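Residue strings, one per chain:
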Amino acid sequence: MKNKSSVVFATASFALCLSFVESAAADSASKNSESADSRTESDIASYAKEFGTSIDEAARRSRILAARGNLAIDLRNEFESRFAGSYLEHVPDLRIVVRLTGNSPVSSRLAVNDEGSIPIAFLTDARATLEELEAALDAHQKALYSKIPALQGLYADERTGDIVLVVHAPEVESKAY
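To start, this report covers the structure provided alongside it. Small disclaimer: the values here were computed from a predicted structure and weren't measured.

**Focus: the pairing of strand S6 (residues 151-156)**
- As paired elements, S6 and strand S7 (residues 163-169) share five bridges and run antiparallel to each other. Paired with Gly153 across the bridge in S7 is Val166.
- Connecting S6 to the next strand, S7, in antiparallel fashion are six residues, including Gly161 with a positive phi near 85°.

And the structure:
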């Protein structure tokens, strides 16, 4: 076996009490401050290629996303007690997906701004809120780093609610922890 460096991503569920999330609100606010003018033609062309859209559609999506303001923060605040995460989907169409705990449905809606609109879809039945995941991480992060010496980082995958452990493994095979 070659002594080749690789990164192994391992996921664990909330049941294992592992969690981490970068502040979605801070990240969203930072991304939202980007103006449509700051997008270069190269960025738009890259987006179009990656997501299979026309250049015009990529430019339209870029303008809509740049104008969304504090939408992510507002959604997090509106559903604070149930908020399990949110993310953008780009294929087949641009939309925001909000994950919620509990089984009470929330109707889809349309967020409208000066540049257009973004559909918002709500998925229910998430296992834990983002706040619960953050609390579990706070309680166990130190132990995880001490028990897994190659641990490089961890975070909550807002699409799945899983916890991702980023482990540097100098060997192709990794040790199970």
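**Some thoughts on helix H5 (residues 130-147)**
- For H5, which comprises 18 residues, the first-to-last C-alpha distance of 24 Å matches the rise-based estimate of 26 Å (1.5 Å per residue) to within 8%.
- Of all the bends in H5, the greatest measures close to 55° and is centred on His140.
- Along H5, the residues that are buried comprise Leu130, Leu133, Ala136, Leu137 and Leu144.
- Each element contacted by the buried residues of H5 is listed here: helix H4 (71-78), strand S2 (83-89), S6 and S7.

**Some words on unusual backbone geometry**
- Note that the residue after Val91, namely Pro92, is joined by a cis bond; omega there is 5°.
- Mapping Pro92 onto the fold places it in the loop between S2 and strand S3 (95-101).
- Even without a glycine there, the phi angle at Asp125 is positive, about 75°.
- By the secondary structure assignment, Asp125 is in strand S5 (residues 116-126).

**Looking at the pairing of S5**
- Bridge count for S3 against S5 is five bridges, and the pairing is parallel. Within S5, the residue paired with Arg99 across the bridge is Leu123.
- Pairing analysis gives five bridges linking strand S4 (residues 109-113) to S5, with the strands arranged antiparallel. Bridge pairing in S5 links Asn113 to Gly116.

**A look at the pattern of salt bridges**
- Overall, the coordinates contain seven salt bridges when judged by the stated rule.
- For Arg63, the salt bridge is made with Glu115, and the minimal N-O distance between the two is 3.5 Å. With a gap of 52 residues between them, Arg63 in helix H3 (residues 55-66) and Glu115 in the loop between S4 and S5 connect regions that are remote in the sequence.
- A salt bridge links Arg76 to Glu134; the nearest nitrogen and oxygen atoms lie 3.7 Å apart. Linking Arg76 in helix H4 with Glu134 in helix H5, this pair joins segments that are 58 residues apart in sequence.
- A network of salt bridges, in which partner residues are shared, links Glu57, Arg60 and Arg61.

Procedures and definitions
- Residues numbered from 1 in each chain as written.
- Predicted model: local features only at pLDDT ≥ 70, side-chain atom pairs only at ≥ 80, totals over all residues.
- Heavy atoms only, no water.
- Pairing = 2+ DSSP bridges.
- Helix = DSSP H or I, 4+ residues; strand = E, 2+ residues; numbered from the N terminus.
- Expected span 1.5 Å × (residues − 1).
- Bend = angle between axes of the 7 residues up to and from the residue.
- Buried < 20%, exposed > 50% of the residue type's maximum accessible area, 1.4 Å probe, protein only.
- Contact = heavy atoms within 4.5 Å.
- Salt bridge = Lys/Arg side-chain N within 4 Å of Asp/Glu carboxyl O.

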